[in-house]
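As a plain string of letters, each chain reads:
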Amino acid sequence: MVMKTKKRRDVKKMLKDKDIILKAEDIYKNYGRLEVLKGISFEVKRGETKVVIGPSGTGKSTLLRCINQLTSPDKGRVWLDGVEITDPRVDINKIRSSIGMVFQDFNLFAHLTALDNVRIGLTKVKGMEKQKATELAMQELQRVGLGDKVSSYPAQLSGGQQQRVSIARALVMNPKLILFDEPTSALDPELIGEVLEVMINLAKEGMTMLVVSHEMGFARSVANEVIFMEHGVIVEEGLPQQLFTKPKYKRTGEFLHKIIELYGESGERK
Amino acid sequence: MMKDLIMIYQVLPYLLKGSVVTIGLIAGALGLGFVIGILMAVEQIYGSKPISKIASLYIWFFRGVPILVLLFLFYFGLFSLINLNLSAFTAGVLVLGLRSAAYQSQIFRGSIQSLGSGQMQAARSIGMSRFKAIWYIILPQALRISIPGWSNEYATILKDSAVTYAIGVVEILTRASFIATKNFKTMPVYLTCAVIFIILTYGGAKLLHLLEKRVRIHGYED
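Note that the structure is a prediction, hence the values are computed from the model and not measured.

Draft legend 1. Region of the structure containing the packing of helix α1 (residues 2–46) of chain B against helix α8 (residues 186–214) of chain B. Residues and elements named next belong to chain B. Interhelical geometry of α1 versus α8 gives an angle of 45 degrees and a closest axis separation of 10 Å. In terms of their interaxial angle, α1 and α8 are classed as oblique. Along this stretch, α1 crosses α8, giving a crossing that reads as right-handed. Here Asp4, Met7, Ile8, Leu12, Leu15, Leu16, Ser19, Thr22 and Ile23 of α1 come into contact with α8, specifically with Pro188, Val189, Thr192, Ile196, Phe197 and Leu200. Here the contact of α1 with α8 is composed, by residue class, of 11 nonpolar, three polar and one charged.

Printed below as a string of structure tokens:
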């Protein structure tokens, strides 16, 4: 009983910690007999960029989906800004509107212009009037360098441009954090730079970001912390310099070595 | 030959009145099938297991029974059993519509599934409820993709509507047979009847094709 009270107080104390915007605790997820996540816990601080790296099929994307509950975890809890969002009583739609998500294959709404893609969240989710929404959407499109593409449809844009629209779509909702699920993996090498540039600027402006990526250059230069995941668990977590130069675990070093050999540090495929 | 042409010219207004009935019949049936079809498609994909099961059962039934049997079953069977006094026209709309719903649901289901799960996920990720996501994101795209398949359903139901002759709806075929039994000019009369059906089939398909072009999403023009 005493233990329990103490534990609860600790939790309260932790949740009051204003610096922590996202906390995931002991996340488990199985797909049938396949265990994808096996007890993941981590925190993201306000204004921080955290990059998750690791081999394919390790559960990185599933982890992101468990955070905004596009996939519900089998076990474990997630807090956003002190509110437990895995609690079934919360309005998950409202929570999701404050967590941006950028997908590997963009997932822009194909029947809507760039402007409408960005605006629709404001008008249909937040109930904002059209004129105000248009203004804000235009601002965000300009911010990602697409002020001249507002009336283009997704199929008329390059991959890099589509991904930037999707970043604008996330930004316009004024999110507490943005989840990036391998945002450059589906892009031609020459288009990766423009998307990374937008992300680097966001990091500089203090946007909180959780990024699953193979862009080691980005991880190294922008991340405040890097998480190395394998087989559904976090193997190692630390400052990028430390992880990249002297990882604690042999496995981390092996993975990094392999990925840098394959993609180079700049992220461009050799 | 000349005589036949004059005869056709004389009975044409009477037959064309029948085509108004036919158009009303299929407009009602397609509309009913559209609404129920979309609901069933959405339920089959996003709904709970039991509801999706009910939808499957419905489709299994209406696809498995011949249209004429359905018509008799409902008009002479069910409707009189429950003391529902419907006109032959209304009964025709209902039966053709309920049956069309089964087919239309499969058209819409295919279209929705062809969008992939990414559109739904993206819509949910910005905070849309499932309903909003379906309404604003999924259906506008799925319906566009459905037009060619739907055009096919239009042609099918247009031609199937002639079986309502059997319960006494005074549509094109019924009127044609009235005339044919009176003047015994069966060939020219039924040929005229066939031509009217061909024009309606072709005209509808043409209109739907224009619609398809008009609402095509930019960037996908060929």
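Draft legend 2. Representation of unusual backbone geometry. All names here are of chain A. Phi angles above zero are rare outside glycine, and Asn107 is one such case at about 55 degrees. A positive phi angle is found at Asn174, which is not glycine, with a value near 55 degrees. Position of Asn174 among the secondary structure elements: in the loop between α6 (159–171) and β7 (177–181). When its relative accessible area of 63% is taken as the criterion, Asn174 is described as exposed.

Draft legend 3. Seen up close, the nonpolar core. With 93 residues, the main nonpolar core has Leu22, Phe42 and Leu210 of chain A as its most contacted residues. Broken down by element, the residue count for this core peaks at 13 residues, all from α1 of chain B. Core analysis: the second largest hydrophobic core is formed by 49 residues, Val51, Ala137, Leu187 and Val222 of chain A among them.

Draft legend 4. Spotlight on the packing of aromatic side chains. Tallying each qualifying case throughout the model produces 10 aromatic pairs over all chains. Taken together, the ring pairs in this structure connect Tyr58, Phe61, Phe62, Phe74 and Phe79 of chain B into an aromatic cluster. Here the basic side chain of Arg169 of chain A rests over the ring of Phe109 of chain A, its NZ or CZ set 4.6 Å away from the ring centre. The ring of Tyr14 of chain B is capped by Arg175 of chain B, whose NZ or CZ atom sits 4.7 Å from the centre of that ring.

Draft legend 5. A look at the pattern of salt bridges. Tallying each qualifying case throughout the model produces 20 salt bridges over all chains. Look at the salt bridges and you will find they share partners, linking Glu230, Lys250, Arg251 and Glu254 of chain A into a network.

Draft legend 6. Region of the structure containing the confidence of the model for chain B. Residues and elements named next belong to chain B. Chain-level pLDDT for chain B is 92 on average; 99% of the residues reach the 70-or-more range. Taken element by element, the predicted model of chain B shows its lowest mean pLDDT in helix α7 (residues 172–183) (88) and its highest in helix α5 (residues 118–125) (96). Scored as a whole, the predicted complex attains pTM 0.88, and scored at its interfaces, ipTM 0.87.

Draft legend 7. Just the sheet that holds strand β2 (residues 34–45) of chain A, in detail. Residue and element names in this part refer to chain A. Here four strands make up an open sheet; going across it, the order is β2-β1-β4-β5 and the pairing antiparallel. Bordering the open sheet on either side are β2 and β5 (83–84), each of which pairs with just one other strand. Pairing analysis gives five bridges linking strand β1 (residues 20–31) to strand β4 (residues 75–80), with the strands arranged antiparallel. When the bridges of β4 are listed, Lys23 appears paired with Trp79. Sheet strands in contact with helix α2 (residues 60–67) are β1, β2 and β4, and its direction is about 60 degrees off that of β2.

Draft legend 8. Up close: the interface of chain B and chain A. In this complex, chain B contributes 21 residues to the contact, which on the side of chain A involves 24 residues. Both sides of the chain B and chain A interface together cover about 2000 Å² of buried area, and 62% of this is carbon and sulfur. When the buried surface of chain B facing chain A is broken down by residue, Ser125, Ile126 and His218 of chain B rank first, second and third, together holding 28% of it. For the pair chain B and chain A, the interface holds zero salt bridges. Run the count over chain B and chain A and you get seven residue pairs in polar contact (both at pLDDT 80 or more).

Draft legend 9. A look at the packing of helix α4 (residues 114–125) of chain A against α6 of chain A. All names here are of chain A. The interhelical angle for the contact between α4 and α6, taken along N-to-C directions, is 25 degrees, at an axis separation of 8 Å. Here α4 is positioned roughly parallel relative to α6, judged by the angle of their axes. With respect to the hand of their crossing, α4 and α6 are arranged in right-handed fashion. Counting all contacts with α4, which are made through Ala114, Asn117 and Val118, the residues of α6 involved are Val165, Ala168 and Arg169. Considering only residue class, the contact of α4 with α6 consists of four nonpolar, one polar and one charged.

Draft legend 10. Fine view of the layout of surface pockets. Size it by volume and the largest pocket reaches roughly 410 Å³. What lines the largest pocket is a set of 20 residues, and nearest its centre among them are Ala110 of chain A together with Gln141, Ile145, Ile217 and Tyr220 of chain B. At the level of secondary structure, the elements contributing two or more residues to the lining of the largest pocket comprise α5 and α6 (130–160) of chain B. Looking at the lining of the largest pocket element by element, the count peaks at five residues for α6 of chain B.

Draft legend 11. Geometry of the sheet that holds strand β3 (residues 49–53) of chain A. All names here are of chain A. Spatially, the six strands line up as an open sheet ordered β6-β7-β8-β3-β9-β10, and their pairing is mixed. A strand with exactly one partner marks an edge of an open sheet, and here the two such strands are β6 (99–102) and β10 (233–238). Averaged over all adjacent pairs, the angle separating strand axes in this sheet is 20 degrees, with direction ignored. As paired elements, β6 and β7 share four bridges and run parallel to each other. Looking at β7, one finds that Gly100 is bridged to Ile178. With respect to the sheet, α2 is in contact with β3, β6, β7, β8 (209–212) and β9 (225–230), its orientation differing from that of β7 by roughly 150 degrees. Set on the sheet, helix α7 (residues 189–204) makes contact with β3, β7 and β8; between it and β8 the angle comes to about 150 degrees.

Draft legend 12. Geometry of the side chain of Asn107 of chain A. Note on placement: Asn107 of chain A falls in the loop between β6 and α4. For Asn107 of chain A, a relative accessible area of 10% translates into the label buried. Within the local environment of Asn107 of chain A, its side chain forms a polar contact with the backbone oxygen of Gly118 of chain B, the two atoms lying 3.4 Å apart. With residues up to four places along the chain from it excluded, the contact list for Asn107 of chain A reads Arg169 of chain A together with Gly118, Gln119 and Ala122 of chain B.

Thresholds, definitions, all that
- Numbering of residues starts from 1 in each chain and follows the order in which that chain's sequence is written.
- Each chain gets a letter, beginning with A, and each ligand a number, beginning with 1, in the order they are written.
- At least 70 in pLDDT is required for a residue's local features to be given in this predicted model, at least 80 for side-chain atom pairs to be given and counted, and no such filter applies to totals for whole chains, interfaces and linings, which use all residues.
- In computing side-chain properties, one takes all heavy atoms of the structure into account and sets aside hydrogens as well as water.
- Axes here mean lines fitted to C-alpha atoms, for a helix over just the part in contact, with angles spanning 0 to 180 degrees between N-to-C directions.
- Secondary structure elements follow DSSP: runs of H or I of four or more residues count as helices, runs of E of two or more count as strands, with numbering from the N terminus.
- Put simply, angles under 35 degrees are roughly parallel, angles over 145 are roughly antiparallel, angles from 65 to 115 are roughly perpendicular, and the rest are oblique.
- Two helices cross in a left-handed way if the nearer one is turned anticlockwise from the farther one by less than a right angle. They cross in a right-handed way if the turn is clockwise.
- In what follows, a contact means two residues having at least one pair of non-hydrogen atoms within 4.5 Å.
- Here the term charged refers only to Asp, Glu, Lys and Arg, the term nonpolar to Ala, Val, Leu, Ile, Met, Phe, Trp, Tyr, Cys and Pro, and the term polar to all other amino acids, Gly among them.
- Exposed residues in this analysis have more than 50% of their type's maximum accessible area, buried residues have under 20%, and partly exposed residues fall in between, with area computed by a 1.4 Å probe over protein chains only.
- The term nonpolar core refers to a set of buried residues drawn from Ala, Val, Leu, Ile, Met, Phe, Trp, Tyr and Cys, joined through side-chain atoms within 4.5 Å.
- Each pair of aromatic rings taken from Phe, Tyr and Trp, with Trp reduced to its six-membered ring, is defined by centres within 6.5 Å and is described as stacked if the planes are under 30 degrees apart, edge-to-face if over 60, and tilted in the remaining cases.
- Distance and angle both matter: a charge sits over a ring if NZ of Lys or CZ of Arg is within 6 Å of the ring centre and within 35 degrees of the ring normal.
- A side-chain nitrogen of Lys or Arg and a carboxyl oxygen of Asp or Glu constitute a salt bridge if their distance falls within 4 Å.
- By definition, pLDDT measures how confident the predictor is in each residue, and it falls between 0 and 100.
- Here the rule is simple: two strands pair whenever DSSP picks up at least two bridges between them.
- Buried area: the accessible area, evaluated with a 1.4 Å probe, that two parts lose upon being put together, summed over both parts.
- Side-chain atoms alone can form a polar contact between residues adjacent in sequence; in general such a contact is a pair of N or O atoms within 3.5 Å, and within protein one must be able to donate a hydrogen while the other accepts it.
- In this analysis, the protein atoms alone were mapped onto a 1 Å grid. Cavities are point sets where a 1.4 Å probe fits without being able to get out; pockets are open sets with protein on both sides within 12 Å along at least five of seven lines; lining residues have an atom within 4 Å of a point.
- Grid points are joined across faces, edges and corners, and a volume is the space filled by probe spheres set on the points.

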